[in-house]
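# A closer look at the structure
Each chain, written out:
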Amino acid sequence: MLEEAKGSINPSASKGSIFVAGHKGMVGSAIVRRLQELGHQRILTADRDTLDLLDQGAVRAFFAANRIHQVYLAAAKVGGIHANNAYPAEFIHENLLIQSNLIHAAHTSDVDRLLFLGSSCIYPKHAEQPMREDALLTGLLEPTNEPYAIAKIAGIKMCESYNRQYGRRYRSVMPTNLYGTNDNFHPENAHVLPALMRRLHEAKQAGSPSVTVWGTGRAMREFLHVDDMARASVFVMELDDTVYAANTRPDLSHINVGTGADCTIRELAEVLARVIGYEGRLEFDATKPDGTPRKLMDVSRLHAMGWRAQISLEDGLQDTYRWFLENIPTLRS
């Protein structure tokens, strides 16, 4: 179903609609909420029954039929370590198709502004910490999600290529690990934070004496609430060209988005247990992969542009758990 999400005022009425691709996902839905907060009325969305993003012809026809001013490219095939290990072909194939179809259709329809959302997994497994933007393509990727990372790197370079050849204003943001409203809580295919939140909740309900966490617990991760990510996305999209150019390079244009602070998986599990009220033991299975040892984003580039995260980890987890409890009936699968 083709939809236009409604706001209170219409600051972009003369410019056409803002298309949010992937509006039902965690990041896309947060971007829609943020745009509505800012008063945008002409927010264009399309579900899978209306628009198959894997179909180049369908995407081209969609852009031709709609007056689009900006595109937020938040659509992607995503998953945790298990899903990336199990379905590498689908992860690289589908993500390459989605972003290639959307970026090229935006260009051929003369859409001047597009924001591509990537991932911190674009950086080498053993990148110097915290990871700066210029660490891109300087080493080997983490094997468990290499196909997904390569697709995201290709998206960055597509945006830079269209900027260079056609003078577009296509920008890329690389978020750290995200969580929050509309996250995927599937027990096998979810990322570490929502998967662990669900398991701890179910252990509390069942009175289980212990919960096993994959890995040693020593791997370090940074977590950003999706509402902060949405604020950062709109901020970067609307950033003045002079400020953007002063803090990026044409061939190194992507921007890290994160909190600038991380914690171990053990510490995350302990905070989650406290938020959920689970009092059993936390046990760590060292036979399972940790993934990248540490993934902390250097966010000095974004700070220099004038944006910082606002939501603390514990406050964000409290908010997410409240949403989880309210939506348990829809999260059974």
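Conventions used here
- For every chain, the first residue of the written sequence is number 1, and numbering continues from 1 along that sequence.
- Under the rules for a predicted model, residues below a pLDDT of 70 receive no local features and side-chain atom pairs below 80 are neither given nor counted, while totals for whole chains, interfaces and linings still include all residues.
- Hydrogen atoms and water are omitted, and side-chain values are computed over all heavy atoms in the structure.
- Put simply, DSSP H or I for four residues or longer makes a helix, DSSP E for two residues or longer makes a strand, and each gets a number counted from the N terminus.
- The buried label applies to any residue whose accessible area, calculated with a 1.4 Å probe on protein chains only, is under 20% of its type's maximum; exposed applies above 50%, and partly exposed to all values in between.
- In these tables, accessible area is a Shrake-Rupley quantity obtained with a 1.4 Å probe, and a residue counts as shielded only by the protein chains included in the view.
- Positive charges come from Lys and Arg, negative ones from Asp and Glu, while His and the chain ends are left out of the count.
- Charged groups are reduced to one reference atom each: NZ for lysine, CZ for arginine, CG for aspartic acid, CD for glutamic acid.
- Put simply, two rings from Phe, Tyr or Trp (the six-membered ring, in Trp's case) pair if the centres are within 6.5 Å, and we call them stacked under 30 degrees between planes, edge-to-face over 60, tilted for the rest.
- Two limits define a charge over a ring: the Lys NZ or Arg CZ must be within 6 Å of the ring centre, and within 35 degrees of the ring normal.
- Only buried residues count toward a nonpolar core. Its members are Ala, Val, Leu, Ile, Met, Phe, Trp, Tyr and Cys residues joined through side-chain atoms within 4.5 Å.
- Contacts are assigned to residue pairs that have any heavy atoms within 4.5 Å of one another.
- Polar contact is defined as a pair of N or O atoms within 3.5 Å, subject to the rule that within protein one atom must be able to donate a hydrogen and the other to accept it, and that residues adjacent in sequence are counted only when both atoms are side-chain atoms.
- Under the convention used throughout, the expected extent of a helix is 1.5 Å for every residue step, that is, one less than its residue count.
- A pair of strands is labelled paired if DSSP reports no fewer than 2 bridges between them.

## Regarding the overall build of the protein
- In terms of helices and strands, the protein carries 11 helices and 14 strands.
- For the protein, the spread of C-alpha atoms along the principal axes amounts to about 60 × 45 × 40 Å.
- The 333 residues of the protein split such that 52% are buried.
- When the accessible surface of the protein is split by element, carbon and sulfur atoms take 49% of a total near 14600 Å².
- Of the side-chain charges in the protein, 36 are positive and 39 negative, and the distance between the mean point of each set is 2 Å.

## Comments concerning the packing of aromatic side chains
- The full count for this structure, using the stated rule, is 8 aromatic pairs.
- Geometrically, the ring pair formed by Phe-19 and Phe-62 is tilted, given 4.9 Å between the ring centres and 50° between the ring planes. Remark: Phe-62 occurs in helix 2 (residues 56-65) and Phe-19 occurs in strand 2 (residues 17-21); sequence separation between them is 43 residues.
- For Phe-19, a relative accessible area of 1% corresponds to the buried category.
- Here the aromatic rings of Phe-185 and Phe-324 are separated by 5.0 Å at their centres, their planes lie at 55°, and the arrangement is tilted. Remark: Phe-324 occurs in helix 11 (residues 313-326) and Phe-185 occurs in the loop between strand 7 (177-179) and helix 6 (192-206); sequence separation between them is 139 residues. With respect to class, Phe-185 is no different from Phe-324; both count as buried.
- One aromatic cluster is present, built from ring pairs that chain together Phe-185, Tyr-321, Trp-323 and Phe-324.
- Taking NZ or CZ as reference, Lys-77 lies 5.3 Å from the ring centre of Phe-91, over its face.
- Here Arg-171 stacks its cationic end above the ring of Tyr-244, 4.1 Å away from the centre of that ring.

## Focus: the nonpolar core
- Residues Phe-19, Phe-63 and Leu-102 are the most contacted members of the largest nonpolar core, which totals 42 residues.
- Taken together, the elements giving at least two residues each to this core come down to strand 2, strand 3 (43-46), helix 2, strand 4 (68-73), helix 4 (88-108), strand 5 (113-117), helix 5 (146-166) and strand 6 (169-175).
- Each residue touching Leu-102, except ones within four places of it in the same chain, is listed here: Phe-19, Ala-21, Leu-53, Val-59, Phe-63, Leu-73 and Leu-114.
- Grouped together as the second largest cluster of nonpolar side chains are 30 residues, Ile-18, Ala-30, Leu-35 and Trp-307 included.

## As for the side chain of Thr-248
- One can find Thr-248 in the loop between helix 8 (241-247) and strand 11 (255-257).
- Thr-248 gets classed as buried once you look at its relative accessible area, which sits at 12%.
- Within the local environment of Thr-248, its side chain forms a polar contact with the backbone oxygen of Tyr-244, the two atoms lying 2.8 Å apart.
- In this view, Thr-248 contacts Ser-253, Ile-255, Arg-301 and Met-305; residues no more than four positions away in its chain are not counted.

## Some remarks on unusual backbone geometry
- In this model, Gln-129 is joined to Pro-130 through a cis peptide bond whose omega is -10°.
- Tracing the backbone shows Pro-130 in the loop between strand 5 and helix 5.
- Look at Asp-110: it is not a glycine, yet its phi comes out positive at around 65°.
- In this structure, Asp-110 sits in the loop between helix 4 and strand 5.
- In this structure Asp-110 comes out as exposed when scored by relative accessible area, which is 54%.
- One non-glycine residue, Leu-137, lies in the positive phi region at around 65°.
- Relative to the helices and strands, Leu-137 resides in the loop between strand 5 and helix 5.
- The class for Leu-137 is exposed, based on a relative accessible area of 58%.

## Here we look at helix 6
- Compared with an ideal rise of 1.5 Å per residue, which puts 15 residues at 21 Å, helix 6 spans 21 Å between its outermost C-alpha atoms and is within 8% of the ideal.
- By the burial criterion, the buried members of helix 6 are Leu-193, Pro-194, Ala-195, Leu-196, Met-197, Arg-198, Leu-200, His-201 and Ala-203.
- Among the structural elements, strand 7, strand 8 (210-214), strand 10 (223-225), helix 9 (265-276), strand 13 (281-285) and helix 11 are those in contact with the buried residues of helix 6.
- Directly beyond the C-terminal end of helix 6, a positive phi value near 70° is found at Gly-207.

## Some details on the sheet that holds strand 9 (residues 220-221)
- The 3 strands are arranged 12-9-14 in an open sheet whose pairing can be described as mixed. Two strands in the sheet have a free side with no partner beyond their single neighbour: strand 12 (263-264) and strand 14 (294-295).
- Inspection of the sheet shows strand 9 paired to strand 12 by 2 bridges, in the antiparallel sense. For Met-220, the partnering residue across the bridge sits in strand 12 and is Thr-264.

So far we have only geometry, and geometry alone does not tell us how the molecule works.
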